[in-house]
Amino acid sequence: MTNLRNRFAIAALAVLLGACASKGPTQAHFDFGPLPQPAAVTAGSIAPIIVADMTGPAALDSERMHYRLLYADARQQRPYAYNQWTATPLQLMTQRLKARIAQSGVKVLSTTDAAAGAMLLRTELDDFAHNFDSATASNGTITLRASVFSSHKLVDQKSFTRSVAAPTADAAGGARALADAADALSGDVLAWLATLPAPK
């Protein structure tokens, strides 16, 4: 009977220790936060526009957060163990771009809207990275290519890049830097749209 009690006690202790060992740091989820102040762009010069969902590499169609150690191996993308995005970078960028354009007063339409003659904005995300230049210095860098079509014809195409220093050398700092880069990039796209001719 004593041996049986000892076995139960050992088994219970093993389960308890296993539970403690498996309990890692709390997982954090990041997004781009609230919208900043509207960009100083004359929205009246931009016609209603259809904004298609952003496309990009398969690696950016996941909620996992990644970083690169440029000083060690720039070709290797490493995942954060306990941090991730609330949505994929492609979804976050699409939402932010639409929100910033709408915030400026431009009528933003979806691809399902019936809007004959409306311009169509397609964007492709080429780079979305938290890069470490050293163990203590990092930045969030975003590169995308934007194309505007009218009546199925290309009106113009342009590439945009923004890089913002991260306030801290961790996932939270990278998320902040990428959010700031996304807002700056959205402002750049908005300013570019204002220079394009209105659809006829």
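Located above this text is the structure these notes cover.
In this report, we go over the structure that sits alongside the text. Because the structure is a prediction, the values reported are computed rather than measured.

What counts and what doesn't
- Residues numbered from 1 in each chain as written.
- Predicted model: local features only at pLDDT ≥ 70, side-chain atom pairs only at ≥ 80, totals over all residues.
- Heavy atoms only, no water.
- Helix = DSSP H or I, 4+ residues; strand = E, 2+ residues; numbered from the N terminus.
- Expected span 1.5 Å × (residues − 1).
- Buried < 20%, exposed > 50% of the residue type's maximum accessible area, 1.4 Å probe, protein only.
- Contact = heavy atoms within 4.5 Å.
- Core = buried A, V, L, I, M, F, W, Y, C linked by side-chain atoms within 4.5 Å.
- Salt bridge = Lys/Arg side-chain N within 4 Å of Asp/Glu carboxyl O.
- 1 Å grid on protein atoms, 1.4 Å probe; cavity = no way out; pocket = protein on both sides within 12 Å on 5 of 7 lines; lining within 4 Å.
- Points joined across faces, edges and corners; volume = space filled by probe spheres on them.
- Polar contact = N/O pair within 3.5 Å; in protein donor to acceptor, adjacent residues only side chain to side chain.
- Phe/Tyr/Trp six-rings, centres within 6.5 Å; stacked < 30°, edge-to-face > 60°.

1. Some remarks on helix α2 (residues 89–103)
Turning to step 1, where the next piece is worked out: The terminal C-alpha atoms of α2 lie 20 Å apart, and with 15 residues this matches the ideal 21 Å at 1.5 Å per residue to within 8%.
Turning to step 2, where the next piece is worked out: Buried within α2 are the following residues: Pro-89, Leu-90, Leu-92, Met-93, Thr-94, Arg-96, Leu-97, Arg-100 and Ile-101.
Turning to step 3, where the next piece is worked out: Against the buried residues of α2 lie β2 (49–51), β4 (78–85), β5 (108–109), β6 (119–132), β7 (138–150) and α3 (171–193).
Turning to step 4, where the next piece is worked out: The positive-phi residue at the C-terminal boundary of α2 is Gly-105, with phi of around 105°.

2. A look at the nonpolar core
Turning to step 1, where the next piece is worked out: Counting 41 residues, the largest nonpolar core has Met-93, Leu-121 and Leu-193 as the members making the most contacts within it.
Turning to step 2, where the next piece is worked out: With 11 residues, the single largest contributor to this core is α3.
Turning to step 3, where the next piece is worked out: Discounting chain neighbours no more than four positions away, the residues touching Leu-121 are Ile-49, Ile-50, Val-51, Ala-52, Leu-97, Ile-101, Ala-146, Ser-147, Val-148, Val-189, Trp-192 and Leu-193.

3. Comments concerning the pattern of salt bridges
Turning to step 1, where the next piece is worked out: Counted under the stated rule, the structure contains eight salt bridges.
Turning to step 2, where the next piece is worked out: Between Arg-100 and Asp-183 there is a salt bridge, and its shortest N-O distance comes to 3.6 Å. With Arg-100 in helix α2 and Asp-183 in helix α3, this pair connects stretches of sequence that are 83 residues apart.
Turning to step 3, where the next piece is worked out: For Asp-183, a relative accessible area of 12% puts it in the buried group.
Turning to step 4, where the next piece is worked out: A salt bridge links Asp-180 to Arg-176, with the shortest nitrogen-to-oxygen separation between them at 3.5 Å. With a gap of four residues between them, Asp-180 and Arg-176 both fall in helix α3, about one helical turn apart.
Turning to step 5, where the next piece is worked out: Within the structure, one salt-bridge network assembled from shared partners comprises Arg-96, Arg-100 and Asp-183.

4. Points about unusual backbone geometry
Turning to step 1, where the next piece is worked out: Backbone geometry places Ser-151, a non-glycine residue, at a positive phi of 55°.
Turning to step 2, where the next piece is worked out: Following the sequence through the fold, Ser-151 ends up in the loop between β7 and β8 (153–165).
Turning to step 3, where the next piece is worked out: Even without glycine at this site, His-152 takes up a positive phi of about 65°.
Turning to step 4, where the next piece is worked out: Assignment of secondary structure puts His-152 in the loop between β7 and β8.
Turning to step 5, where the next piece is worked out: A residue is classified by how much of its surface remains accessible, and His-152, at 82% relative accessible area, is exposed.

5. Observations regarding α3
Turning to step 1, where the next piece is worked out: Between its first and last C-alpha atoms α3 spans 32 Å; for 23 residues at 1.5 Å apiece the expected length is 33 Å, and the two agree.
Turning to step 2, where the next piece is worked out: With 17 of 23 residues buried, α3 lies mostly within the body of the structure.

6. Brief notes about empty space enclosed by the protein
Turning to step 1, where the next piece is worked out: Counted under the stated rule, the structure contains one cavity of 30 Å³ or more.
Turning to step 2, where the next piece is worked out: Lining the largest cavity are 16 residues, with Arg-64, Met-65, His-66, Trp-85 and Phe-128 sitting closest to its centre.
Turning to step 3, where the next piece is worked out: Listing elements by their share of the lining of the largest cavity, those giving two or more residues are β3 (64–69), β6 and α3.
Turning to step 4, where the next piece is worked out: For the lining of the largest cavity, the element with the highest residue contribution is α3, accounting for four residues.

7. Concerning the side chain of Ser-138
Turning to step 1, where the next piece is worked out: Mapping Ser-138 onto the fold places it in strand β7.
Turning to step 2, where the next piece is worked out: Given the relative accessible area of 7%, Ser-138 is considered buried.
Turning to step 3, where the next piece is worked out: A polar contact is formed between the side chain of Ser-138 and the side chain of His-130, at a distance of 2.9 Å.
Turning to step 4, where the next piece is worked out: The contact partners of Ser-138, leaving out residues within four places of it in the chain, are His-130, Asn-131, Phe-132, Asp-133, Ala-165, Ala-166, Thr-168 and Ala-169.

8. Details of the packing of aromatic side chains
Turning to step 1, where the next piece is worked out: Evaluated as defined, the whole model comprises six aromatic pairs.
Turning to step 2, where the next piece is worked out: Seen from their ring centres, Tyr-67 and Tyr-80 are 4.7 Å apart, and the 45° between their planes marks the pair as tilted. Linking Tyr-67 in strand β3 with Tyr-80 in strand β4, this pair joins segments that are 13 residues apart in sequence.
Turning to step 3, where the next piece is worked out: Note on Phe-160 and Trp-192: the rings are 5.7 Å apart at their centroids and 65° apart in plane angle, and the pair reads as edge-to-face. Of the two residues, Phe-160 sits in strand β8 while Trp-192 sits in helix α3, which places them 32 residues apart along the sequence.
Turning to step 4, where the next piece is worked out: On the accessibility criterion, Phe-160 (5% relative accessible area) is buried.
Turning to step 5, where the next piece is worked out: Look at Trp-192 and you get buried, because its relative accessible area is 6%.

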